[in-house]
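Per-entry structural report
For reference, the chains in residue letters:
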Amino acid sequence: MTTNTTTDLTARQALDQWLTMWNGDGDLARSLCADDFRIHFAVTEPDGSTPADDIRSAEDFARYLQWWHGQHPGVVFTSVADAVDGDHGRLLWDMQAGDLLVGGVDVFDFAADGRVRRVWSVGGQRSMRS
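Throughout this description, residue numbers start from 1 for each chain and increase along the sequence as written. Local features are withheld for residues below a pLDDT of 70 in this predicted model, meaning they are given only at 70 or higher, and side-chain atom pairs are given and counted only at 80 or more; totals for whole chains, interfaces and linings count all residues. Each side-chain value is worked out from all heavy atoms of the structure, with water and hydrogens disregarded.

Brief notes about helix 3 (residues 58–71)
The periodicity of an α-helix, 3.6 residues per turn, causes residues three or four positions apart to be oriented the same way. Counted only if it meets this: Helix and strand labels come from DSSP, where a helix needs a run of H or I of at least four residues and a strand needs a run of E of at least two; each type is numbered from the N terminus. A helix is expected to span 1.5 Å for every residue after the first. When accessible area is computed with a 1.4 Å probe and restricted to protein chains, residues below 20% of their type maximum are described as buried, those above 50% as exposed, and intermediate ones as partly exposed. The arc in question is formed by the directions pointing from the helix axis toward the C-beta atoms.
An ideal rise of 1.5 Å per residue puts 20 Å on 14 residues; helix 3 measures up with 20 Å between its terminal C-alpha atoms. For helix 3, every residue scored as buried is listed here: Ala 58, Phe 61, Ala 62, Tyr 64, Leu 65 and Trp 68. All buried residues of helix 3 project into a common sector of 160° when viewed along the axis, lining one side. Within helix 3, the exposed residues directed more than 90 degrees away from the buried face are Gln 66 and Gly 70.

Structure below.
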């Protein structure tokens, strides 16, 4: 039998702050991400590069977010729907940059203390509100 030591409240708090972090408060990565944090993106940058593949810590992620916002000024993420089930979570989101509105989904594994251990992030071509 597996014992779930993550409280939904703590994981919920991390999930609730995820888009705040993506909307410009990259320093939140240092408190939201576990020591063994990893993020996996299904997309590349416009030039074909994959700088996020080098993220191996919360500090790496905070630096990446700062870089990313420099490359994508004015982008705003909004939550469409989410769920937390113990050690796992899902977040449907939209991203708007000017007239462009697209969506995606993030799938989370949480550490015992509620911080984010793993994220798989896939962006799409249309709003998730559709």
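There's more to say after this.
Let's talk about the pairing of strand 4 (residues 100–110)
When a strand is regular, its side chains alternate between the sheet's two faces. The test is simple: Following DSSP output, two strands are said to pair if at least two bridges run between them.
Of the pairings in the sheet, the one linking strand 3 (residues 88–97) to strand 4 comprises 10 bridges and is antiparallel in character. Residue Arg 90 lies in a different strand from strand 4, and its bridge partner there is Val 107. Hairpin connection between strand 3 and strand 4: a loop of two residues separates the two successive antiparallel strands, and Gly 98 in this loop has a positive phi of roughly 65°. Inspection of the sheet shows strand 4 paired to strand 5 (residues 116–123) by seven bridges, in the antiparallel sense. Within strand 5, the residue paired with Val 105 across the bridge is Val 122. In sequence, strand 4 turns back onto strand 5 through a hairpin of five residues, with Gly 114 there showing a positive phi of about 90°.

Structural notes on the sheet that holds strand 5
Filter applied, for reference: Between the N-to-C directions of two axes lies an angle of 0 to 180 degrees, each axis being a line fitted to C-alpha atoms and, for a helix, fitted only over the stretch in contact. Should any heavy atoms of two residues lie within 4.5 Å, those residues are considered in contact.
Taken in spatial order, the five strands of this open sheet run 1-5-4-3-2, and their pairing is mixed. Across the chains shown, the open sheet's two edge strands, defined by having one partner strand only, are strand 1 (33–41) and strand 2 (76–85). Neighbour to neighbour, the strand axes of the sheet diverge by 20° on average, direction disregarded. Pairing analysis gives nine bridges linking strand 2 to strand 3, with the strands arranged antiparallel. Residue Val 84 lies in a different strand from strand 3, and its bridge partner there is Gly 89. Running over the sheet, helix 3 touches strand 1, strand 2 and strand 3 and is turned about 45° from strand 1.

Overview of the nonpolar core
Here is the rule we go by: Throughout, nonpolar core names a set of buried Ala, Val, Leu, Ile, Met, Phe, Trp, Tyr and Cys residues whose side chains join them through atoms within 4.5 Å.
Ranked by size, the top nonpolar core spans 32 residues in total, and within it Trp 18, Met 21, Trp 22, Phe 37 and Phe 61 carry the most contacts. When contributions to this core are tallied by element, the ones reaching two or more residues are helix 1 (8–22), helix 2 (29–32), strand 1, helix 3, strand 2, strand 3, strand 4 and strand 5.

A short note on the environment of Gln 17
Considering the arrangement of structural elements, one finds Gln 17 in helix 1. Distance from Gln 17 to Thr 78, taken between C-alpha atoms, is 11 Å for residues 61 residues apart in sequence. Sequence-distant contacts of Gln 17, that is, excluding residues within four places in its chain, are made with Leu 28 and Leu 32.

Here we look at the layout of surface pockets
Filter applied, for reference: In this analysis, the protein atoms alone were mapped onto a 1 Å grid. Cavities are point sets where a 1.4 Å probe fits without being able to get out; pockets are open sets with protein on both sides within 12 Å along at least five of seven lines; lining residues have an atom within 4 Å of a point. Grid points are joined across faces, edges and corners, and a volume is the space filled by probe spheres set on the points. Residues were grouped as follows: Ala, Val, Leu, Ile, Met, Phe, Trp, Tyr, Cys and Pro as nonpolar; Asp, Glu, Lys and Arg as charged; and all remaining residues, including Gly, as polar.
In this model, the largest pocket occupies a volume close to 610 Å³. What lines the largest pocket is a set of 32 residues, and nearest its centre among them are Val 43, Thr 44, Glu 45, Trp 68 and Met 95. Among the elements that take part in the lining of the largest pocket, strand 4 stands out by supplying four residues, more than any other. In terms of residue class, the lining of the largest pocket is built from 20 nonpolar, nine polar and three charged.

Quick word on the packing of aromatic side chains
The criterion, for reference: A pair of Phe, Tyr and Trp rings is counted when the ring centres sit within 6.5 Å of each other, with Trp represented by its six-membered ring. The angle between the planes then sorts it: under 30 degrees is stacked, over 60 is edge-to-face, the rest tilted.
One pass over the structure, following the stated rule, counts 13 aromatic pairs. Centre to centre, the rings of Phe 61 and Tyr 64 are 6.3 Å apart; their planes meet at 10°, and the pair counts as stacked. With a gap of three residues between them, Phe 61 and Tyr 64 both fall in helix 3, about one helical turn apart. When its relative accessible area of 0% is taken as the criterion, Phe 61 is described as buried. Each ring, one from Trp 68 and one from Phe 77, has its centre 5.9 Å from the other, and the planes form 40°; the classification is tilted. With a relative accessible area of 8%, Trp 68 lands in the buried category. Three or more aromatic residues link up through ring pairs in this structure, and these residues are Trp 18, Trp 22, Phe 37, Phe 41, Phe 61, Tyr 64, Trp 67, Trp 68, Phe 77, Trp 93, Phe 108 and Phe 110.

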